[in-house]
Structures are given as structure tokens and as C-alpha cells.
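# Summary of structural features
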Amino acid sequence: MIETKNITKIVTTSEGSLQILQPISFQVKPGESIAIVGASGSGKSTLLSLLAGLDEVSAGEIFLDDAPLHTMDEEQRAQLRGAKVGFIFQSFMLVQSLTAIENVMLPAEIAGLPDPKKRAQDILEQVGLSHRAHHYPNQLSGGEQQRVAIARAFIGQPKILFADEPTGNLDAANSEKIEDLLFELNREVGTTLVLVTHDNTLATKCDRQLRMQAGELIEITSQSNVKPFLASAGEGSR
């Protein structure tokens, strides 16, 4: 579902060029759940943005469901995201002037999906918020807002879901509910899940963990396997 080949990211600063990501290569299988973990500034959010087509690589190749992101312009990447990608953000990113159901309907309407209101009603019921459908974001708790955001992300049944610190603004009780909901929907829809998190509990629920350190992908861990990962071509085992 996702394949990267020696992708790098370099930005220009007042002090010259800064390489944020070293050459990184890995694959994500359809339906797999992946956690990208690491300290602040390690490059994990940059990697997520590149995988989602929100930013462009400086070098290397990214394939998203066989589509070559690295050769696409912004309009082409936006069309691909609209057709195949869902997003969940730490800050919820709900439209404050729209009700919960209107927020959930929005991507379905943009994509031209049939009966977006019925779709939104069904998924709000699935996330336990049908009784809050006509409330505005400022009338909802943090946990409720994130559930609306999850419903919005899943309404089009995307092939790939990207989540950036989805439990970062929530207390422990709400974090657990959101984690359970994410993986429940992930299983039901068969969506490939890629998330950035500082939450160790959330990370260990994923099939694999990709650990970032100073712009390098230094290892991949899973429940049954821990091994070194080659962050760049020709590099020896660590």
C-alpha cells in the first residue's frame, strides 16, 4: 500500500541547507497498522507529511497504492488524497461553524459520494455520537471532537488513514476510547493505518513500530520481531 525508496527531505535555512530526513526505504502492506515513534524533532511528522503527499520529497520515490507521489504536482496529489486518504489530527481540525454531522458530511460531499447525510448519520452512530449530531464543536468535549474527526476520516472508507498524535490532546480515559475506536474501524473497513504518536500504549497496539532518530529510520519493531533496519542503501547492520 505504501512504498518508499531512499526518500530524503532537505530544507533551506538562513544558515544553509538542512537535511531533515536521511535516505529512508520501507514498505507498508494493505491493512497493516504502523506507528511512527521518536522524540520531538526526530523527523516523524515530516515523514508522515511526505507519505500523505502533503509535502514533496527532495529525492527518492514514494508510491501510495502504486501511485507515484514523487512525480505528481499538488493538484494531482490532492485528487489522490481525496480518493484514497483519510486524516486525523491532534487538534481535531473541525470546522467551527459546522455541526458535527456537517463536519462528517464534508469530505463525502466534496468527493461526490451518494447520500452523504445518511453516511454521516450511520458513522456518527457507530462512534456513539448520534445524539450530538447537531451540536457545534465548541459544544463538544475533546473526546467527542476527536470522535467526530475520526468519523469524518472514515466516512469515505479510505484505503489509507494517517493520524498525527490522535490522542495527544486527550486525557487517559478518552485516549483509551479513541484507541479502541481507531482499531475497531481499522479492522472493519480494512484501512491501512499509519500514525505518529508519543503514546506507547497506542504504538504497541499497532502491527509494527517505525522508530525515528535524528532523521533516520533506525529500526522496525513488531510484537514478535525486533531487528535493525537499513535506513539507507548500502548501510551495514546496526
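Residues numbered from 1 in each chain as written. Predicted model: local features only at pLDDT ≥ 70, side-chain atom pairs only at ≥ 80, totals over all residues. Heavy atoms only, no water.

Let me state the cut-off plainly: UniProt positions are given in the numbering used here, feature names are shortened, and annotations may be inferred rather than shown by experiment.
An unreviewed UniProt entry annotates the protein as Putative ABC transport system ATP-binding protein originating from Marisediminitalea aggregata. Under the heading Sequence similarities (unreviewed entry), UniProt records this for the protein: "Belongs to the ABC transporter superfamily. Macrolide exporter (TC 3.A.1.122) family."

### Some words on the sheet that holds strand β1 (residues 2-13)
The condition is simple: At least two DSSP bridges between two strands are required for those strands to pair. Secondary structure elements are taken from DSSP: a helix is a run of H or I of four residues or more, a strand is a run of E of two residues or more, and numbering for both begins at the N terminus.
Across the sheet, four strands lie side by side as β2-β1-β4-β5; this open sheet has antiparallel pairing. Single-partner strands in this sheet number two, and they are β2 (16-28) and β5 (67-68). As defined by bridge partners, strand β4 (residues 59-64) adjoins β5 across two bridges and the pair is classed as antiparallel. When the sheet's bridge partners are listed, L64 is paired in β5 with A67.

### Let's talk about the pattern of salt bridges
Here is the rule: Salt bridge, as used here: a side-chain nitrogen of Lys or Arg that lies within 4 Å of a carboxyl oxygen of Asp or Glu. Exposure categories follow from relative accessible area, calculated using a 1.4 Å probe and restricted to protein chains: below 20% of the type maximum is buried, above 50% is exposed, and the middle band is partly exposed.
Considering all chains together, one arrives at 11 salt bridges under this definition. With a shortest N-O distance of 2.7 Å, R208 and E32 are connected by a salt bridge. With R208 in strand β9 (residues 208-213) and E32 in the loop between β2 and β3 (33-37), the pair connects residues that are 176 residues apart, well separated along the chain. Here R208 falls in the buried class, since its relative accessible area comes to 15%. Here the salt bridges share partners, and the residues they tie into one network are E56, E74, R77 and R81.

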